[in-house]
Amino acid sequence: MITEISADRWLSLVNASTSFAKLEPWKWMADNQVFGFQDPKTKEKGYCCVMGLHGNFKALAIYPGKQGWLSYHYLNSDQAPEDPFEVVMAQRCLMIVFQTVEDTDPQDMALLRHVKLQLDGLSLVPAFRSYMPGYMPWAPNDSEFEWMELGIAQALEVASEVSAAPQLFPPAGYNEEGEMLIRQQGDDGLWVDAWLKPEPTMELSPIQVHADQEVIEAALKLTQGEGIWLLEEFYLPDAVEEQGPKPFFPRALLFFDMETYHFRGISLLQPTQWPSAIANTLLAYFQELGQRPSRVVISNKHNLVFFKKVFADFEIPVLLEEGADMKEELKDALIKMLREQASQGS
């Protein structure tokens, strides 16, 4: 966990984080009491919540920019995954987690010793993680570190204010006008409270799969068969470590023929390929089989929105059948198949 960021900057962040832990703001702040701050340089907003009021997991979560805010909304919607692993995979946030020394990962303890943190008298110590969809939780890079520096400083101010006057902070984070407490730096360099509208959620509508015109034309040249295919997607639990700066979890995209009970196509995509490579992957399925399916069944509303446009471009009707959810069975079958293949190849 020791990174290229200087020891002095790490020590400053660690000290601010231990001050936050000593304050114990999770005793009076709930995780739905979201507040924010604005980056003085980029003017982007970061959104924070304090975790720990209703459980043992104590942390400050920082959701950076529009992507982070969309992640927060998705994970607090009725479309959020129930599987804890899928929840982790869907997050775009920066987390400062507080644990006892005994429960802290050895690599995190190595960082604390590297910056010469005095552990005497500390009941909780911090650990720092970057969560990006599809990736192993990892140490923050330089830009993420800056988000953490800003976030912990402003979280200390807000937590102290709420402790002194809890009645001034709305129970759900928003006032009657739908505004949120967002800390801003004035022209004089001082930080002040401002009640502002957060990023409008209408502008943060879920992303959809798009296909280039040549991909659409190639798909439409194929005849439409009689099959009804179930589409499922999920992350695999075995991380890949050979490529890129940090390990990632492949995302499976597959079709399952609901009449013959056979896989019609399986692809494992990297985070950088999702969603940009999906349309071409679908086209490759169709071309390999020489046809387009007559219909595609999708088992959840989130994926219906995500895939609806590309299948409309391919002129393939899409049906939502939540009772057709076979994700866990298909995931188990795929994992078993891949592990058998890996054992045979070794």
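Calculation rules
- Residues numbered from 1 in each chain as written.
- Predicted model: local features only at pLDDT ≥ 70, side-chain atom pairs only at ≥ 80, totals over all residues.
- Heavy atoms only, no water.
- Helix = DSSP H or I, 4+ residues; strand = E, 2+ residues; numbered from the N terminus.
- Buried < 20%, exposed > 50% of the residue type's maximum accessible area, 1.4 Å probe, protein only.
- Contact = heavy atoms within 4.5 Å.
- Areas by Shrake-Rupley, 256 points an atom, 1.4 Å probe, with all protein chains shown as cover.
- Lys, Arg positive; Asp, Glu negative; His and termini not counted.
- Charge placed at Lys NZ, Arg CZ, Asp CG, Glu CD.
- Pairing = 2+ DSSP bridges.
- Axes fitted to C-alpha atoms, helices over the stretch in contact; angles between N-to-C directions.
- Salt bridge = Lys/Arg side-chain N within 4 Å of Asp/Glu carboxyl O.
- Core = buried A, V, L, I, M, F, W, Y, C linked by side-chain atoms within 4.5 Å.
- Parallel < 35°, antiparallel > 145°, perpendicular 65-115°, else oblique.
- Left-handed = near helix turned anticlockwise from the far one by under 90°.
- Nonpolar A, V, L, I, M, F, W, Y, C, P; charged D, E, K, R; others polar.

**Student:** Help me understand the overall build of the protein in this model?
**Tutor:** For the protein, the helix and strand inventory stands at nine helices and 12 strands. When its C-alpha atoms are laid out on the principal axes, the protein stretches across 65 × 55 × 35 Å. With 346 residues in all, the protein has 47% of them scored as buried. Within the protein, contacts between residues separated by at least 24 positions form 66% of all contacts whose residues are at least 6 apart in sequence. Accessible surface, the protein as shown: approximately 17,400 Å² in total, 51% of it carbon and sulfur. Side-chain charges of the protein comprise 27 positive and 50 negative groups, with the mean position of each set lying 1 Å from the other.

**Student:** Could you clarify how one ought to interpret the sheet that holds strand β12 (residues 318–320) in this entry?
**Tutor:** Sheets are built from strands that pair by backbone hydrogen bonding, the pairs being arranged parallel or antiparallel. Across the sheet, which stays open at both edges, the five strands sit in the order β10-β9-β8-β11-β12 with mixed pairing between neighbours. Strand pairing shows two members of the sheet lacking a second neighbour, β10 (262–269) and β12, which therefore form its edges. Averaged over all adjacent pairs, the angle separating strand axes in this sheet is 25°, with direction ignored. By the bridge criterion, four bridges tie strand β8 (residues 228–235) to strand β11 (residues 295–298) in an arrangement that is parallel. Note that in β11 the partner of Leu 231 across the bridge is Ile 298. Contacting β8, β9 (251–257) and β10, helix α9 (residues 327–345) runs over the sheet at an angle of about 70° to β8.

**Student:** It is not clear to me how unusual backbone geometry should be interpreted in this structure. Could you clarify?
**Tutor:** The omega angle of the peptide bond from Trp 274 to Pro 275 is 10°, so this bond is cis rather than trans. Counting through the fold element by element, Pro 275 comes out in the loop between β10 and α7 (278–289). Unlike most non-glycine residues, Lys 43 shows phi in positive territory, near 70°. Summarising the element assignment, Lys 43 is placed in the loop between β1 (35–38) and β2 (45–51). Its identity is not glycine, yet Tyr 261 carries a phi of approximately 55°, on the positive side. Topologically, Tyr 261 is positioned in the loop between β9 and β10. By relative accessible area, which is 55% here, Tyr 261 ends up exposed.

**Student:** What am I meant to see in the pattern of salt bridges here?
**Tutor:** Where charged atoms of side chains with opposite charge meet at close range, the side chains can pair. Enumeration over the complete set of coordinates arrives at 14 salt bridges. Here Arg 129 and Asp 108 are joined by a salt bridge, their closest N and O atoms 2.7 Å apart. Here Asp 108 lies in helix α4 (residues 106–114) and Arg 129 lies in strand β5 (residues 125–131), a separation of 21 residues in the sequence. Taking the relative accessible area as the measure of exposure, Asp 108 reaches 3% and is therefore buried. Between Asp 257 and Arg 264 there is a salt bridge, and its shortest N-O distance comes to 2.9 Å. The exposure class of Asp 257 is buried, given its relative accessible area of 1%. Judged by relative accessible area, Arg 264 falls into the partly exposed class, the value being 27%. Linked by salt bridges that have partners in common, Arg 9, Asp 142 and Glu 149 make up one network.

**Student:** Before we go on, may I ask you to explain the sheet that holds β5 in this structure?
**Tutor:** Across the sheet, seven strands lie side by side as β5-β4-β3-β2-β1-β6-β7; this open sheet has mixed pairing. Only two strands of the sheet have a single partner each, and these edge strands are β5 and β7 (191–196). Strand-to-strand twist in this sheet, taken as the mean axis angle between neighbours without regard to direction, amounts to 25°. Relative to strand β4 (residues 93–99), strand β3 (residues 58–64) is paired through five bridges, and the arrangement is antiparallel. In the strand pairing of β4, Leu 60 is matched with Ile 96. Helix-sheet contacts for helix α1 (residues 7–23) involve β2, β3, β4 and β5, and the interaxial angle to β5 is about 110°.

**Student:** Which parts of the structure should I look at to understand the pairing of β4?
**Tutor:** Look at any regular strand and the pattern is simple: side chains alternate between the two faces of the sheet. Extensive coverage of β4 is indicated by the burial of six of its seven residues. Bridge count between β4 and β5: seven bridges; the pairing is antiparallel. Within the sheet, the bridge partner assigned to Val 97 lies in β5 and is Ala 127.

**Student:** Teacher, can you tell me more about the nonpolar core here?
**Tutor:** The tendency in soluble globular proteins is for nonpolar side chains to be buried side by side. Membership of the largest hydrophobic core comes to 38 residues, with the highest contact counts inside it found for Trp 10, Phe 20, Met 29, Phe 35, Leu 60 and Phe 128. Elements that contribute at least two residues to this core include exactly α1, β1, β2, β3, β4, α4, β5 and α5 (142–164). Among the elements that take part in this core, α5 stands out by supplying nine residues, more than any other. Ranked by size, the runner-up nonpolar core spans 27 residues in total, among them Leu 222, Trp 274, Ala 279 and Tyr 285.

**Student:** How do you make sense of the packing of α1 against α5 when you look at a structure like this?
**Tutor:** The packing of two helices is summarised by the inter-axis angle and the distance between the axes. α5 packs onto α1 with a crossing angle of 30° between their chain directions and a minimal axis gap of 10 Å. Judged on the interaxial angle alone, α5 and α1 are roughly parallel. Pair α1 / α5 crosses with left-handed handedness. Facing Arg 9, Trp 10, Leu 13, Ala 16, Ser 17, Ser 19, Phe 20 and Leu 23 of α1, the residues of α5 in contact are Asp 142, Phe 145, Glu 146, Met 148, Glu 149, Ile 152, Ala 155, Leu 156, Ala 159 and Ser 160. Per-class residue counts for the contact of α1 with α5 are 11 nonpolar, three polar and four charged.

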